[in-house]
Amino acid sequence: MSKKILLLSSVIFLSSCATTNISELGDKFLDLINPSDAASESADLREEVLVLSDENGGFSIDELEQLTNDELIAIAKEKGLEDLILLDSDGNLQNRDQIINAILDSAELLESKSDELGSLSDDAIMEIAMAKGMEDQIIYDEDGNLANREELIEALVGSSAASEALINEFKNTSDSFVLYFAYDDTEIDEAATRTIIQHANFMQNNPSVSLRLEGHADERGTREYNLALGENRALSVKEVLGLYNLDDRVLVVSYGEESPILTGSNEEAWEKNRRVEFSYY
Amino acid sequence: MKHLKYFLLLCSLASFSANALLEVNIIKSKEVAFPIIIAPFEMIGEFDKPVDLAGIIRDNLNRSGQFDARSTDQLVNDSIDFEFFKELKKDAIVFGKIRQITANVYHGEIYVFDILTQKSLYKKKIEFTTGGLRRIAHALSDKIYYVLLGQKGSFDTRLSFVTVTENQSGGKTYKLQISDSDAFNVQTVVRSSYPILSPAWSKDQKRLAYVSFKNNRSEVFVIHPFLKTRTIKLPKFDGIASSPAWHPNGESIALTISKNGNKDIYLYNFKSKTLKRLTKNISIDTEANFSPNGKSLAFTSNRTGQVQVYIKNLKSGKISRATFEGSYNAKPVFSPNGKDLALIHRVGKDYRLALLDISSRDLTIMTQNKSDESPYFSPNGGMIIYSTNRDNKGILSIISLHNNQIVELMQKEGEVREPSWSNYSK
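Reading the values: rules and limits
- Residue positions are counted from 1 within each chain, in the order its sequence is given.
- Written order determines the labels here, with chains lettered from A and ligands numbered from 1.
- Local features in this predicted model are restricted to residues of pLDDT 70 or higher, and side-chain atom pairs are both shown and tallied only at a pLDDT of 80 or more, whereas totals for entire chains, interfaces and linings draw on every residue.
- Where each domain starts and ends comes from a domain assignment, either automatic or drawn from a database.
- Contact criterion: two residues are in contact if their C-beta atoms, reconstructed from the backbone, are within 7 Å.
- Elements are defined by DSSP. Helices are runs of H or I of four residues or more, strands are runs of E of two residues or more, and each kind is numbered from the N terminus.
- Each residue is classified by how many other C-beta atoms fall within 10 Å of its C-beta atom, where C-beta atoms are placed from the backbone; a count of 20 or more means buried, 12 or fewer means exposed, and values in between mean partly exposed.
- Criterion used throughout: strands pair if DSSP finds at least two bridges between them.
- In a helix, the anticipated span is given by 1.5 Å times the number of residues less one.
- An arc is given here, and it is the one of the directions from the helix axis to the C-beta atoms.
- The predictor reports its confidence for every residue as pLDDT, a score running from 0 up to 100.
- Orientation is described by lines fitted to C-alpha atoms, with helices fitted over the stretch in contact, and by angles between N-to-C directions that extend from 0 to 180 degrees.
- Oblique is the label for every angle not falling under 35 degrees (roughly parallel), over 145 degrees (roughly antiparallel), or within 65 to 115 degrees (roughly perpendicular).
- By the definition used in this description, the sense in which the near helix is turned from the far one sets the handedness, with an anticlockwise turn below a right angle giving left-handed and a clockwise turn giving right-handed.
- For this scheme, ten residues count as nonpolar: Ala, Val, Leu, Ile, Met, Phe, Trp, Tyr, Cys and Pro. Four count as charged, namely Asp, Glu, Lys and Arg, and the remainder, Gly too, count as polar.

### Regarding the domain arrangement of chain A
What the domain assignment lists for chain A is domain 1 (61-106), domain 2 (113-170) and domain 3 (174-280). Taking the mean C-alpha position of each, domain 1 of chain A and domain 3 of chain A sit 34 Å from one another.

See the structure below:
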């Protein structure tokens, strides 16, 4: 072991106990002795109490975990999480953990999709509409401001339903929605390039769809580095799509090693986990 | 490169129930530890449930690797049978009493004697204002450590970590948890269906920064676990944020931000709400960590094509490479004296905890594991906590830098990972 560490951590230890004589050290501390009966020192060790209730709609994590299933169901319904509730034929809650997580996660999440659009500025909504090739549906007033905000939001929500059908159709005909990579590598090979071109064609033919590229890494190496590596993989796919001027419709995210396809510490799992996933919306 | 020689002995497998979620596994080294006796404490007052105060202290001291602390059947008070303990080859004896005065106030007395010279090394009466006996045990452990070794202990401190369990319905539950330094008194601070990473304590121990994917991308949040305030989400930077690292002054935090895809390290100031760029390179720069004096910043970068550790002098702006052995060195953290870095070093196909002497560049590999991650020093520099795998399951490991003794902490179900050690409480 490193000599230095040994020295650092045990210089006093060795000098006192290798000779089995610690009286020298002791004499130093005898000065500290206070012979009176009163406490010679006081220490404030008051426990700081965990407070989190504000965050989670009036519930602390512990409180939520102690609620009955029926109480949880009631809260979930109140929070608009009804769709998530899974009951068995006897009406018992099947996914208690998931419901607790959803209640906690919902505390800060932005509302539903249309609420999310509703919270955006006119400029932001127009930007989204233009990115989705819906420029002709924007109506300006005489000052050049958005005149049909409500209709445009409705059209955007409607268009995402229409895109969904297109995306499903493409899923049935395309070979691949996942590209794989070598260890610590972001290179796009020829086969991968062909796959990306297929996706580029789909996007060009369907201007209303947007693409989310999710980069992933295998478990080897450190988590934060892998987060960066996963993003670089997705970015190199985006770079190819950029050649088709599709940059504006591509969103890149990375999950690093946090979301593996296969668990296990072996070459097979690692190969499957070093990937970029295509996800349209 | 120097490899460690191991003489490991699987010593005990103790499993705790009740208020600890983690089981403990000690792999002892044969190197000498200080043989001492810690006699059961006399407890005066009405206690809800019996607390083995001396037992908590013994476990603390033994975990440090510096001590071989045992109990005794002998009743120890003012008269000590020194010859008896000398026969047992013990060097020192500790005993004491705790008297409850009010619900939150206790008076403690503690005595430490050198068995060979029969001299008193320390005696003290201390008034504790507290919510729990465990805190008293940790504070007393720090005192005993200081009396016998002349160094600060790391016992009255906290850990943070992330646990991951599978749900009945197939998904996962991620919990950001905090505990005492002995992994008891576990409390959940954040719970989510989405991954949580990189929890980091601010130096004053009042704030925890962490990365959450709850909005489907990595973002940095700051939580005050002991104050009734909202979680702070750092402003939406133009790019993905990750890898938070507190500046020791607590006023700012280093982050990795991916602007236009280029991952560099930035410093976010909470007061001025401004962002200052600390690295500027087309490659990946991430995993920042400040030196204890705040004057330099260690980080991981693949700027040469290999993953290596660099240190930036924040005054001169000069960046120099710190690691030269091997093709992968990452996730550096400074030791409390600023002289060493703990980091993850690749050996063949394995990723192992290693210790780098910054000035001599001497690298020491500390384990024989396959996938160590996330090292962090105890505040006295005597131990490193890190995560690793046992039987395909994530666990935490604490290694003593005195004798390489390893203590393993695990969950009965699920994984535990991403450990971080707080500074001293006050």
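### Thoughts on the domain arrangement of chain B
Residues and elements named next belong to chain B. Taken domain by domain, chain B consists of domain 1 (32-149) and domain 2 (158-421). In this structure, domain 1 and domain 2 have C-alpha centres spaced 35 Å apart. Listed per partner, the contact involves nine residues of domain 1 and 13 residues of domain 2. The biggest single contributor to the side of domain 1 that touches domain 2 is helix H1 (residues 53-63), with three residues.

### Topic: unusual backbone geometry
Residues and elements named next belong to chain B. In this structure, Gln205 is a non-glycine residue whose phi angle is positive, near 65°. For Lys331, which is not glycine, the phi dihedral falls at a positive 55°. For Lys331, a count of 32 C-beta atoms within 10 Å puts it in the buried group.

### As for the sheet that holds strand S14 (residues 219-223) of chain B
Taken in spatial order, the four strands of this open sheet run S12-S13-S14-S15 (chain B), and their pairing is antiparallel. Bordering the open sheet on either side are strand S12 (196-201) and strand S15 (232-233) of chain B, each of which pairs with just one other strand.

### Looking at helix H9 (residues 190-205) of chain A
All names here are of chain A. For H9, which comprises 16 residues, the first-to-last C-alpha distance of 23 Å matches the rise-based estimate of 22 Å (1.5 Å per residue) to within 8%. Here H9 has its buried residues at Ile196, His199 and Met203. Mapping the buried residues of H9 onto a view down its axis gives an arc of 55°, with all of them on the same face. For H9, exposure combined with an orientation more than 90 degrees from the buried face picks out Glu190, Ala191, Arg194, Gln204 and Asn205. The elements touched by buried residues of H9 are strand S3 (211-216), helix H10 (223-242) and strand S5 (275-280).

### Overview of the confidence of the model for chain B
Of the residues in chain B, 92% reach a pLDDT of 70 or more, and the chain-wide mean stands at 89. Of the two predicted TM-score estimates for the complex, the pTM is 0.83 and the ipTM is 0.88.

### Quick word on the confidence of the model for chain A
Confidence in the prediction for chain A averages 78 pLDDT; 78% of positions are at 70 or higher. With pLDDT under 50 throughout, residues 1-36 of chain A is counted as low confidence; its partners more than four residues away or in other chains account for 50 contacts.

### Notes on the packing of helix H7 (residues 122-131) of chain A against helix H8 (residues 149-173) of chain A
Residue and element names in this part refer to chain A. One way to put it is that H7 packs onto H8 with a least axis distance of 11 Å and a crossing angle of 40°. Taken together, the axes of H7 and H8 are oblique relative to one another. The element H7 and its partner H8 pack so that their crossing is left-handed. In this structure, H7 uses Asp122, Ile125, Ile128 and Ala129 to contact H8, whose residues at the interface are Arg149, Leu152, Ile153 and Leu156. Residues belonging to the contact of H7 with H8 are distributed by class as follows: six nonpolar, no polar and two charged.

### A closer look at the pairing of S12(B)
Residues and elements named next belong to chain B. Of all six residues in S12, six are buried, a share of seventy percent or more. Where S12 lies against strand S13 (residues 208-212), four bridges are found, and the strand directions are antiparallel. Residue pairing for S13: Leu197 is matched across the bridge by Val211. In this structure, the hairpin formed by S12 and S13 is closed by a connection of six residues, where Gln205 is found at a positive phi of approximately 65°.

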